[in-house]
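# Architecture and fold: a report
Below, each chain spelled out in residue letters.
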Amino acid sequence: MVIARLPHCGQADCPLPHRSGRLPAFCTGSGRLPAFRTGPGRLPAFRSGKTAAMPVHRPQSFDAVVIGGGHNGLVAANLLADAGWSVVVLEATDRAGGAVRTERDLLAPGFTADVFSAFYPLAAASPVLGSLRLDEHGLRWGHAPLVFGHAFDDGRAVVLSRDIEQTAASMDSFHRGDGALWRQWSAIWEELEEPGLAALLRPFPPVRPALQMARTLGPRRALRGARLGVLPVRHLVRQEGLGEGAAMVLAGNALHTDLTPESAGSAVFGLLLAQLGQHHGFPVPVGGADRLVTALISRLQSRGGEVRCNAAVRRVLTRDGRVSGVQLVDGSEVGAAQAVLADVPAPILYEQLIGRDRLPARLRSDLDRFEWGDGTVKVDWALDGPLPWRNKELAGAGTVHVGTDLDGLTRYAADLSTATVPERPFLIFGQMTAADPSRSPAGTEAAWAYTHVPHRAAWSAGEVDEVVARMEQAVDRVAPGFRDLVIGRQVLGPPDIQRTDPALVGGSVNGGTSAIHQQLVLRPTPGLGRPDTFLPGLFLAGSSAHPGGGVHGAPGANAAMAALRRAQVGRRVYDPTVTALQRYLSS
């Protein structure tokens, strides 16, 4: 078991900072810290701070246990620690971070590769992550000269820049008037960003931000905005008469999830991600994606929290009808006086850590209908030079969409929906050195791309190799000579992705499909759209909970706020209302 150690404050024998407004840390004289549980209405309960030295089966107790050390779990733990709770994060693998993970010198000496997620527009705009002030713990953001572009096979390209005039001019080069419409949409986004992000990220229903947006828009614009919320991209393109450039900006961004040009809601998601890029960019953590994780852990430790790796949970424990803690695979138990928060996919939590036989009947039936979303093939490359783009403007784009046009996206999506490996894959391609020069030696490029494939249990090495060949052919069509620059390659097929991060089941990277039938009160199963579960004190804190995938921290924050509210109002009030209603809906 690996325990992330607490920082030393500089005072003898004390590993925690003494901060105003908090109880001082009491030293034992031996370098060990007694930690305290400070639940409402109770005296602090003593426990030993040197947990690594405990016998395997000796009970331990915290106010909260967080299962899973992905960024959502770390956000939840930070917010609970801010409230004075003792909290431990239990991560099954050898490092925290989940799908925020970095490898150095793996592809070639001096090259840094982000294994899964890489660019973070939602993180840059997230009010949750912004409130944590992670810059105080070393997090810095880097930007490419251009946010993203779409490369057409004939050498044309549309680009999005944080300079709106450059964006508008690029769209106008495909169809005059699209730039003016983009400026209008951008102006509306500026009005709605704060309440819009709050409505998106807070627990459902987001009453206050929804009312604020309605007041801002007025009845006529609000009704049309509601219509846009369920409109497919293709319908918006046709109704507004958009040219190919603007169309691919929207459709390409919608496909950052599994929303196709014909999917309900794909228009508003494409607009959301593109406008985030317009106003915040698609930034990367300088030095590697795991700098975000390092900052979250540093912040948590500075507030007395713990992170334990190689600490896989076997099952969730209950006592008197409430969650009481967890049991690890080594047989040891960790108690939770207040709450257990699960940053793992809902099917894994319910069926493996709780047990299918302990679930309400309707919940079992709903889980049988849970949809994971498409699988993923991810490739990282070390390139001995910059990309030889046919359109030189793309050299400055951190992210490039590659592979097809709007009709091609529909054919690609149709292949996926019929469990067919696409002949012409759509790629999201990243130029990391363009955004952060520290990612590779001078004059080279650290690049990656991923594409979706059908979600299924088994993939042979040959099948994955064929997908990779099609991916590289797609890049070579728009950057001839690309394959000649490759000096290092790492390929992750769906089984490799799940093996590296067990939460990414079958290579599904969003905790379940982002389609409208598994969002809001339907995520992860029909319910309240809240992190509460049918078990009092157990909360969903991962991306299979509302509002879903993406690095923004909202599922973790929502779970933490629900746990704190339960403690604030009292179990005798909270459990017979919120938890009882959740139990009713799942029974």
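Above this text sits the structure in question.
Residues numbered from 1 in each chain as written. Predicted model: local features only at pLDDT ≥ 70, side-chain atom pairs only at ≥ 80, totals over all residues. Heavy atoms only, no water.

### What to know about the overall build of the protein
Threshold: Put simply, DSSP H or I for four residues or longer makes a helix, DSSP E for two residues or longer makes a strand, and each gets a number counted from the N terminus. Relative accessibility thresholds used throughout: buried, under 20% of the residue-type maximum; exposed, over 50%; partly exposed, between the two (1.4 Å probe, protein chains only). For this analysis, residues touch if any pair of their heavy atoms sits within 4.5 Å. For every accessible area listed, the method is Shrake-Rupley and the probe measures 1.4 Å; residues are considered covered only by the protein chains on display.
A tally of helices and strands in the protein yields 18 helices and 21 strands. Expressed as a percentage of the 587 residues in the protein, the buried residues total 59%. Looking at the protein alone, contacts between residues at least 24 apart form 71% of all its contacts between residues at least 6 apart. Of the accessible surface of the protein, which amounts to about 23,200 Å², a share of 53% is contributed by carbon and sulfur atoms.

### Overview of the pairing of strand 19 (residues 445-453)
For a regular strand, the rule is simple: side chains alternate between the two faces of the sheet. Basically, it comes down to this: By the convention used here, strands pair only if DSSP detects at least 2 bridges between them.
Across the nine residues of strand 19, nine count as buried, placing the element largely inside the fold. Of the two faces of strand 19, the one lined by Glu445, Ala447, Ala449, Thr451 and Val453 and the one lined by Ala446, Trp448, Tyr450 and His452 are each fully buried. With nine bridges joining them, strand 16 (residues 375-383) and strand 19 adopt antiparallel strand pairing. Along strand 19, the bridge assignment pairs Thr376 with His452. Looking at chain direction, strand 18 (residues 427-431) and strand 19 are connected through four bridges and run antiparallel.

### Topic: the nonpolar core
Inclusion rule: Buried Ala, Val, Leu, Ile, Met, Phe, Trp, Tyr and Cys residues that are joined via side-chain atoms within 4.5 Å together make up what is termed a nonpolar core.
Among the nonpolar cores identified, the biggest contains 55 residues, and Phe119, Trp182, Trp185 and Leu276 are the most heavily contacted of them. No other element matches the seven residues that helix 8 (residues 244-254) contributes to this core. Each residue touching Trp185, except ones within four places of it in the same chain, is listed here: Leu236, Glu240, Leu242, Leu250, Leu271 and Gln275. Val89, Leu528, Ala541 and Val578 belong to the second largest nonpolar core, which has 44 residues in total.

### Section: the pairing of strand 12 (residues 306-309)
Burial of strand 12 is two-sided: the residues Glu306 and Arg308 facing one way and the residues Val307 and Cys309 facing the other way are all buried. As judged from the three bridges shared by strand 5 (residues 87-90) and strand 12, these two strands associate in the parallel manner. Bridging from a neighbouring strand, Val89 pairs with Val307 of strand 12.

### Concerning unusual backbone geometry
Residue Pro547 is bonded to the preceding His546 through a cis peptide linkage, with omega at 5 degrees. Structurally, the position occupied by Pro547 is in the loop between strand 21 (538-540) and helix 17 (554-569). Positioned with a positive phi, Arg133 is a non-glycine residue whose angle comes to about 50 degrees. By the secondary structure assignment, Arg133 is in the loop between helix 3 (127-131) and strand 8 (141-142). The class for Arg133 is partly exposed, based on a relative accessible area of 47%. The phi angle at Asn310 is positive, at roughly 55 degrees, despite the residue not being glycine. With respect to the element layout, Asn310 can be found in the loop between strand 12 and strand 13 (313-319).

### Some words on the packing of helix 4 (residues 164-172) against helix 5 (residues 178-201)
Test applied: Angles run from 0 to 180 degrees between N-to-C directions of axes, and those axes are lines fitted to C-alpha atoms, restricted for helices to the stretch in contact. Each angle gets one of four labels, with under 35 degrees taken as roughly parallel, over 145 as roughly antiparallel, 65 to 115 as roughly perpendicular, and the rest as oblique. With the far helix as reference, a near helix turned anticlockwise by less than a right angle produces a left-handed crossing, and one turned clockwise produces a right-handed crossing. Residues are grouped as follows: Ala, Val, Leu, Ile, Met, Phe, Trp, Tyr, Cys and Pro are nonpolar; Asp, Glu, Lys and Arg are charged; every other residue, Gly included, is polar.
In contact at an axis separation of 7 Å, helix 4 and helix 5 are set at 140 degrees when each is read in the N-to-C sense. Judged on the interaxial angle alone, helix 5 and helix 4 are oblique. The two elements helix 4 and helix 5 cross, and the hand of that crossing is right-handed. Facing helix 4, whose interface residues are Ile164, Glu165, Thr167, Ala168, Met171 and Asp172, helix 5 presents Asp178, Gly179, Ala180, Trp182, Arg183 and Ser186. Considering only residue class, the contact of helix 4 with helix 5 consists of five nonpolar, three polar and four charged.

### Things to note about the sheet that holds strand 19
Spatially, seven strands are ordered 10-9-17-18-19-16-20 in an open sheet, and the strand pairing comes out mixed. Both edges of this open sheet fall to strand 10 (157-160) and strand 20 (486-492), since each of them pairs with a single strand only. Pairs of neighbouring strands in the sheet enclose a mean axial angle of 20 degrees, with direction left out of account. Looking at chain direction, strand 9 (residues 146-151) and strand 17 (residues 397-402) are connected through five bridges and run parallel. Among the inter-strand pairings, Leu146 is bridged to a residue of strand 17, identified as Ala397.

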